[in-house]
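Examining the three-dimensional arrangement
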Amino acid sequence: MKRIKEYHFYKKPLHILSYEFGDFYLYDKFIVGEIKEDLVFSWEEQGKFLVDEFLSIYEDKAEELIYISHRINNYSVIPSDWLKFKNYNVKFKGYAIVSYSKRALFNGMLEKVFMPKLQSFTSLKEALVWVNTYGKVTVDTSFYLP
């Protein structure tokens, strides 16, 4: 799988946050996250820290954001941690998972049990088209889509 930077439709984000657990590309209306290989992503270890970072950067615009989990690597998410995320009162506009394997798609379905408004896609392009149409979010697709 290709990282977002390797796609022909890649546009330079407003910010890139790189941590030992992943890279995050922050755009005006959405964030693309790419978690590192073989990590167990948890609310306590990475999630809360990351959400606080996003909220400090976007401030009052956070409710207009869509988060895309671009799952190019094999890693685990603790599905029940979505409840901790919701209890933290994070109110992004939408959430998407882009998965490239059957196992990852299955894991995404399990996560959807805890986060019903989670959407699943099999390509980054599909997720970006959804970002453009979901909830009247306006993204200049000439920068992102062929």
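Quick summary incoming for the structure in this document. This is a predicted model, so every value here is computed, not measured. (Residues numbered from 1 in each chain as written. Predicted model: local features only at pLDDT ≥ 70, side-chain atom pairs only at ≥ 80, totals over all residues. Heavy atoms only, no water.)

Moving on: the overall build of the chain. Along the backbone of the chain there are four helices and eight strands. Secondary structure elements of the chain, listed N to C terminal, follow the sequence β-β-β-β-α-β-β-α-β-α-β-α. Relative to a compact globule of 146 residues, whose C-alpha radius of gyration would be 15 Å, the chain shows 14 Å and is just as compact. With respect to the three principal axes, the spread of C-alpha positions in the chain is 35 × 35 × 30 Å. Within the span of the chain, comprising 146 residues, buried residues form 46% of the whole. In the chain, 65% of the contacts between residues at least 6 apart in sequence involve partners at least 24 apart. (Helix = DSSP H or I, 4+ residues; strand = E, 2+ residues; numbered from the N terminus. Rg over C-alpha atoms; globule rule 2.2 N^0.38 Å. Buried < 20%, exposed > 50% of the residue type's maximum accessible area, 1.4 Å probe, protein only. Contact = heavy atoms within 4.5 Å.)

To continue, consider helix α1 (residues 43–58). Residues of α1 that are buried: W43, Q46, G47, L50, V51, F54 and Y58. Projection of α1 onto a plane perpendicular to its axis shows the buried side chains occupying an angular sector of 125°, all on one side. Across from the buried face of α1, at angles greater than 90 degrees, the exposed residues are E44 and E45. Where α1 is buried, its residues meet β1 (15–19), β2 (22–26), β3 (30–35), β4 (40–41), β5 (66–71) and α2 (81–87). By the N-cap criterion, in which a side-chain oxygen at the helix start approaches the backbone nitrogen of a residue two or three places on, α1 is capped by S42, the distance to E45 being 3.0 Å. E59 sits one or two residues past α1 and shows a positive phi near 50°. (Arc of directions from axis to C-beta. Polar contact = N/O pair within 3.5 Å; in protein donor to acceptor, adjacent residues only side chain to side chain.)

With that out of the way, let us pick up the sheet that holds strand β7 (residues 94–99). The six strands are arranged β1-β2-β3-β5-β7-β8 in an open sheet whose pairing can be described as mixed. Sheet topology places β1 and β8 (118–121) at the edges, where each strand pairs with a single neighbour. Each strand of the sheet is rotated relative to its neighbour by a mean of 20°, with strand direction disregarded. Across six bridges, the pairing between β5 and β7 is parallel. Paired with I68 across the strands is A96, a residue of β7. (Pairing = 2+ DSSP bridges. Axes fitted to C-alpha atoms, helices over the stretch in contact; angles between N-to-C directions.)

Glancing now at the side chain of R71. Within the element layout of this structure, R71 appears in strand β5. The buried category is assigned to R71, whose relative accessible area is 10%. Reaching out from R71, the side chain makes a polar contact with the side chain of Y75 at a distance of 3.1 Å. Aside from chain neighbours lying at most four places away, what touches R71 is V77, I97, V98, S99, Y100 and E111.

A few words on the pairing of β3. Burial analysis of β3 places six of its six residues in the buried class, which makes it a mostly covered element. Every second residue of β3 is oriented toward a common face, with F30, V32 and E34 on one face and I31, G33 and I35 on the other, all of them buried. Pairing of β2 with β3 involves five bridges; the strand directions are antiparallel. Each bridged residue has a counterpart across the sheet, and for D23 the counterpart in β3 is E34.

Listing the buried residues of helix α4 (residues 124–133) in full gives L124, A127, L128, W130 and V131. Along the axis of α4, the buried residues cluster in a sector spanning 155°; they form a single face. Lining the buried residues of α4 we find β3, β5, β7 and β8.

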